[in-house]
Amino acid sequence: MSYDLVIKNGFVVDGSGGAGYAADVAIQDGKIAAMGRINEKAKRTIDAQGHVVSPGFVDGHTHMDAQVFWDPIGSCSCYHGVTSVVMGNCGFTLAPCKEEDADLVFRNLERAEDLSRDAMLAGIRWSWESFPEFLDAVDNLPKGINYAGYIGHSALRTYVMGERAFEDEAGEDDIRQMQHLVKEAMQAGAIGFSTSRTFNHITADDRPVASRIANWDEVRAIVNAVGETGKGIFEIAGEAPGRDPERIRNYHTRLRDLAVESGVTQTWGMFSVRVAPDFWRPYFDLLDETAQAGGRMFAQVHTRALNTLLSFESHTPFDKWEVWRDLRSLPLAEQKAKLQDPTLKAKLVEIANQEYKGPRVVGAEPRPPEWDFVYPMADMNYEQPSMAELARQRGVNPVELMIDMAVERDMKMFFRQPIANENQDHVLEMMQHPRSAVTFSDSGAHVAQIMDSSLQTHLLSYWVREKQAFSLEEAVRQITYNTATMWGLHDRGLLRRGMAADVVIFDPQTIGARMPEIVYDLPAGAKRLKQTADGIMHTIVNGEVVLTHNEYSGATPGKLLRS
């Protein structure tokens, strides 16, 4: 017997949560062929001495629908051990849609998910109209990792209703057509149906994205149509009922009842926020309440704060403010030179501490940041003093400190601004809940604003190695078996004979995210944040080595994962 690949001398953490053990792993024809002590020959042998051998990580919340057309490896998720992703979250997909109507779906994606319209125009080769045709197009692409996809409500709505989708409630005929199309998508292999009802999701011209115009009866009708197919997930970027107990209860009751009546597994993301620190708890009570009522529901949670990354290379809170906007229009080297002029710097500091009076612009802060909740990011240490505290220690204004730190580091200094999950005790409690899934990278979206594709390596470096809040086996299960099973990817997430050979080989003593950087590698030269990792020797997808120490092999073994 000769195998395609044998991984020798590794410490197998198989994804089940059970204790790890020393073993070899043999791979043949893209599947796990044997585990134990293997003496047979192989076309390729990898010595994993001192390394963990685990299943590939699964990320259930990404927005790679556009990116998959120009980036076969799914960066930056792939650099952090992710071998399978679910795209099309929050109702934002590229299908169904005719090519001549592409601007309708771009309108939903461009601002809500911070995806460059120019990059999408340059990078996407349109070859579909229906959602089944879109899945076939993705299936035919060369792929380094595996992709599954929702059919999104905003795209579905604009396909059926055109411009009316941004203004009107759907009529009976509209809803019947959407029900037919969503069942067609499910039968073709869509992972489920997604929607957004959050006020954060707006178009570039300040209108709600299409799905937000829908009333609840429309959502119910479509989800119940998914239920008729006997499979699939319903993902929702949820409503914002505020702190009114009656509104919150009404919303929770609707979510619970829909999960029960449709039979469709329901999921949504949840963060803790410092301005309402206990807001998240009733949502987690809802998970248990729904289970007791006969429905299935789970929350998607993160491993750290949700951070907006600020820098002079990408954006600052003051880019459109008076005087600042003239400076920020210059090449970076010229900005650095001018920031060393004491008079100009004093003027910039003065303006940055005033009330913002400029035009409303995407990304502009209406007021100066709360510097007690902005942190320097010279390295990946998340336990540093705030900019306000450091400024007090140095006897300077936080804005002046931000400028000085950026100039000292040749303008390559990041500052992280948490907008959720500020309390890490809450983060840990949410991760430990039995009805949560550790995921939610948003990879492929907000590409110049956030970098959460590293949430899996953060789990292993911070919560396992540094804090010892999870055992290695528990943490690996969170991002392999749990996520694969919750999304119905039942041939992945475990190292077992006959399972798909998605494997990550990593050093538990060194695995962790590297510092992010700004790169200009999107179509049309658009910028994004990029972040790789330390400690991952190999990432293997369907039996082929795709990455070795962050270097792409050129292999394209990835598959479209159909429900």
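Check the entry above for the structure.
Analysis parameters
Residues numbered from 1 in each chain as written. Predicted model: local features only at pLDDT ≥ 70, side-chain atom pairs only at ≥ 80, totals over all residues. Heavy atoms only, no water. Phe/Tyr/Trp six-rings, centres within 6.5 Å; stacked < 30°, edge-to-face > 60°. Helix = DSSP H or I, 4+ residues; strand = E, 2+ residues; numbered from the N terminus. Buried < 20%, exposed > 50% of the residue type's maximum accessible area, 1.4 Å probe, protein only. 1 Å grid on protein atoms, 1.4 Å probe; cavity = no way out; pocket = protein on both sides within 12 Å on 5 of 7 lines; lining within 4 Å. Points joined across faces, edges and corners; volume = space filled by probe spheres on them. Nonpolar A, V, L, I, M, F, W, Y, C, P; charged D, E, K, R; others polar. Pairing = 2+ DSSP bridges. Axes fitted to C-alpha atoms, helices over the stretch in contact; angles between N-to-C directions. Contact = heavy atoms within 4.5 Å.

A. The packing of aromatic side chains, seen in detail. What the rule picks out here adds up to 18 aromatic pairs. With centroids separated by 5.6 Å and ring planes inclined at 75 degrees, the aromatic side chains of W268 and Y283 adopt a geometry described as edge-to-face. Of this pair, W268 sits in strand β11 (residues 265-269) while Y283 sits in helix α8 (residues 281-293), and the two are 15 residues apart along the sequence. Both residues of the pair, W268 and Y283, count as buried.

B. Local environment of empty space enclosed by the protein. As enumerated under the stated definition, the model contains two cavities of 30 Å³ or more in all. Here the largest cavity defines a volume of roughly 100 Å³. Lining of the largest cavity is provided by 16 residues; of these, G444, A445, V447, M451 and S453 occupy positions nearest its centre. Of the residues assigned to the lining of the largest cavity, the class counts are six nonpolar, seven polar and three charged. By volume, the second largest cavity is sized at about 40 Å³. Forming the walls of the second largest cavity are R304, N307, L309, M377, Y382, M451, D452 and Q531.

C. Summary view of the sheet that holds strand β16 (residues 436-438). Strand order in the open sheet formed by eight strands is β6-β7-β8-β9-β10-β11-β12-β16, with parallel pairing between adjacent strands. Bordering the open sheet on either side are β6 (57-59) and β16, each of which pairs with just one other strand. With direction set aside, neighbouring strand axes in the sheet form an average angle of 25 degrees. As paired elements, β6 and strand β7 (residues 82-87) share three bridges and run parallel to each other. Across the sheet, the residue bridging to V58 is S84, located in β7. Taken strand by strand, helix α7 (residues 245-262) contacts β10 (233-237), β11 and β12 (297-301), and its axis lies near 145 degrees from that of β11.

D. View of helix α15 (residues 455-466). For α15, the buried fraction is high: ten of the twelve residues fall into the buried class. For α15, the full list of buried residues reads L455, Q456, T457, H458, L459, L460, S461, Y462, W463 and V464. Trailing α15 by a residue or two, Q468 shows a phi angle of about 55 degrees, which is positive.

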